[in-house]
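Structural overview
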Amino acid sequence: MAATRSASSVFRSAFAYHSSETTHWFPGHMKKGILDMQKLFPRCSCVVEVHDARIPFTGRNRLFEAFHSRHVLVLNKADLADPKLKKATLARLREAGEETVLFTNSTSEAGHDKQKLLDAIIDISERQGSRRTSPEHRVLIAGMPNVGKSSLINALRRVHLHRAKCAVTGDRPGVTRALQTEIKVSERPLVLIHDTPGVMIPRIDSDHTAMTLAAMGTLRDELVGLEYIADFVLFTLNRMGRFEYCERYGLSSPTDNIDELLSAIAIRIGSLLKGGAPNRLVAATRFVREFRSGVLGLITLGLPARPARVAAPSTLPSRKSEENNDESEEESEDDESDKLSSHDDQVTQQSDKVAGATANENKTPLTMSRA
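For clarity, every value in this text was computed on a predicted model and none was experimentally measured.

**Some remarks on the environment of Ala210**
Assignment of secondary structure puts Ala210 in helix H6 (residues 207-215). We classify Ala210 as buried; its relative accessible area is 0%. With 151 residues separating them in the primary sequence, Ala210 and Gly59 have C-alpha atoms 8.4 Å apart.

Dropping the structure here:
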């Protein structure tokens with residue numbers, strides 16, 4: 001039986017961060033990656049930015065705004081995002097000025113979304129006309145760590161060339177650490193892609209944003225702490241009224257206590273230390289992993305309530321028909337997405353107040369690498 005407890009009156013209204021300082025993770029290979037990308041930009045006729053569909057507005061790098069006219073935004077891991085908010089997400093992005101937005105799941109064997117991406121790349125590339133420096137379609141693929149850039153390249157090769165993967169992948173950030181040589185993903189027409197290391201924004205503007213990125217696996221777990229991430233995930237699920245974890249881990253009702261939850265998980269999976277104490281680290285790892293994989297529900301976070309600016313009309317042939325078909329459904333989702341946006345704003349403001357009030361009491365900062 002699904003839990004239905006009211007989140008507004010029972011659970012924490014703010015998350016107590018370990019530190020009020022802005023979280024920062026921008027190691028040396030990321031800085032070098034940005035410099036290398038800037039050198040390569042003039043040679044590329046299209047820039048593909050890959051981002052996590054569950055956090056479509058959180059943590060994106062403004063570096064790519066300069067290449068608006070030849071930019072494709074791919075929201076990967078769309079199968080893990082809330083399908084009810086897909087059209088609202090697309091509407092917000094269009095209102096914010098994104099002309100070409102595609103949803104994809106790089107682990108799927110289906111080739112439909114990969115073909116749409118290839119068509120968009122070719123369309124944008126051919127629109128460059130005399131500005132193109134070579135006959136082939138040369139593409140730069142970039143984005144944050146662990147959003148599936150290399151997996152997407154491998155999927156394109158698998159669909160269009162029927163070849164094995166050539167880009168190294170992994171389920172943790174930082175697998176690709178240097179700009180890769182050109183990778184062929186299509187023969188006719190010839191499309192060459194440059195894989196790049198995942199690049200964080202140089203400075204994250206709030207602890208709430210940092211922990212949202214950590215929850216999605218963009219920051220390295222060992223830098224933040226899995227139990228700390230697990231507590232933030234629990235806080236987030238409770239605030240959203242998403243209590244699927246209760247049935248999953250055998251809880252009779254939702255809890256706001258991370259110790260209670262981790263104990264229940266450890267008992268449920270039989271992970272106990274000597275003497276019968278719950279193995280908290282194993283339990284936290286399981287909880288966070290199942291949140292990220294969609295076992296605890298499909299989640300979309302951080303939709304803005306209002307657009308930043310009006311988007312330019314699309315020049316892609318298929319977009320007009322898509323917008324006409326989706327218009328009525330997008331309007332019906334506005335109320336729900338605005339409620340979620342308001343929730344995110346309230347959580348950020350309240351949590352920042354708590355962090356400021358407790359910073360002097362808690363002397364253990366959130367440790368982040370500055371290598």
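**With respect to the packing of aromatic side chains**
Here the structure, examined in full by the defined rule, presents seven aromatic pairs. For the pair Tyr249 and Phe287, a centre-to-centre distance of 6.1 Å together with 70° between the ring planes defines the contact as edge-to-face. Of the two residues, Tyr249 sits in helix H9 (residues 244-249) while Phe287 sits in helix H11 (residues 280-292), which places them 38 residues apart along the sequence. Here Phe287 falls in the buried class, since its relative accessible area comes to 0%. In textbook terms, an aromatic cluster arises when at least three aromatic residues are bridged by ring pairs, as seen for Phe15, Tyr17, Tyr228, Phe232 and Phe235.

**Examining the confidence of the model for the chain**
Scored by pLDDT, the chain comes out at a mean of 76, with 67% of its residues at no less than 70. Ignoring residues within four places in sequence, the model shows residues 307-331, a span with pLDDT below 50, making 27 contacts including any to other chains. For the stretch residues 354-371, pLDDT sits under 50, and the model shows 35 contacts to residues farther than four places along the chain or on other chains.

**Remarks on the pattern of salt bridges**
Where charged atoms of side chains with opposite charge meet at close range, the side chains can pair. Per the counting criterion, the structure on display carries 17 salt bridges. Close ionic contact of Glu136 with Arg138 constitutes a salt bridge, the shortest N to O distance being 2.5 Å. As far as burial versus exposure is concerned, Glu136 and Arg138 are alike and both buried. The shortest N-O distance in the salt bridge between Lys184 and Glu187 comes to 3.1 Å. Judged by its relative accessible area of 39%, Glu187 falls in the partly exposed class. One salt-bridge network, held together by shared partners, links Arg12, Asp231 and Asp256.

**A few points about the state of the cysteines**
For the structure shown, the criterion picks out zero disulfides. A disulfide-free cysteine, Cys44 has its sulfur positioned 8.8 Å from the sulfur of Cys46, the nearest such atom. Look at Cys44 and you get buried, because its relative accessible area is 4%.

**Observations concerning the packing of helix H4 (residues 112-127) against helix H5 (residues 149-160)**
Contact geometry for H4 and H5: axes closest at 10 Å, N-to-C directions at 100°. Judged by the angle between their axes, H4 and H5 are roughly perpendicular. Facing H4, whose interface residues are Lys114, Gln115, Leu117 and Leu118, H5 presents Leu152, Ala155, Leu156, Val159 and His160. Among the residues forming the contact of H4 with H5, the class breakdown is six nonpolar, two polar and one charged.

**Here's the deal with unusual backbone geometry**
Cis geometry marks the peptide bond from Arg188 to Pro189; its omega dihedral reads 0°. As for its placement among the helices and strands, Pro189 is situated in the loop between strand E5 (182-186) and strand E6 (191-195). Located in the positive-phi region is Lys77, a residue other than glycine, with phi close to 60°. Looking at the element boundaries, Lys77 is found in the loop between strand E2 (71-76) and helix H3 (86-95).

**Some thoughts on the nonpolar core**
By size, the foremost hydrophobic cluster in this structure holds 66 residues, and its most contacted members are Val48, Val72, Leu117, Tyr245, Leu261 and Phe287. It is helix H8 (residues 226-240) that contributes the most residues to this core, nine residues altogether. Within the second largest apolar cluster, eleven residues are counted, among which are Met37, Phe41, Val47 and Leu63.

**Some remarks on helix H10 (residues 258-269)**
In this model, H10 (twelve residues) spans 16 Å end to end at C-alpha, consistent with the 16 Å of a helix rising 1.5 Å per residue. Taken together, the buried positions of H10 are occupied by Ile258, Leu261, Leu262, Ala264, Ile265 and Ala266. Its buried side turned inward, H10 meets H8, H9 and H11. Count one or two residues on from H10 and you reach Gly270, which has phi positive near 70°.

**What to know about H6**
Among the nine residues of H6, nine are classified as buried, and the element is accordingly described as predominantly covered. For H6, the set of buried residues is Asp207, His208, Thr209, Ala210, Met211, Thr212, Leu213, Ala214 and Ala215. The first or second residue beyond H6 is Gly217, which carries a positive phi of 90°.

Thresholds applied
- Residues numbered from 1 in each chain as written.
- Predicted model: local features only at pLDDT ≥ 70, side-chain atom pairs only at ≥ 80, totals over all residues.
- Heavy atoms only, no water.
- Helix = DSSP H or I, 4+ residues; strand = E, 2+ residues; numbered from the N terminus.
- Buried < 20%, exposed > 50% of the residue type's maximum accessible area, 1.4 Å probe, protein only.
- Phe/Tyr/Trp six-rings, centres within 6.5 Å; stacked < 30°, edge-to-face > 60°.
- pLDDT = per-residue confidence, 0-100.
- Contact = heavy atoms within 4.5 Å.
- Salt bridge = Lys/Arg side-chain N within 4 Å of Asp/Glu carboxyl O.
- Disulfide = S-S within 2.5 Å.
- Axes fitted to C-alpha atoms, helices over the stretch in contact; angles between N-to-C directions.
- Parallel < 35°, antiparallel > 145°, perpendicular 65-115°, else oblique.
- Nonpolar A, V, L, I, M, F, W, Y, C, P; charged D, E, K, R; others polar.
- Core = buried A, V, L, I, M, F, W, Y, C linked by side-chain atoms within 4.5 Å.
- Expected span 1.5 Å × (residues − 1).

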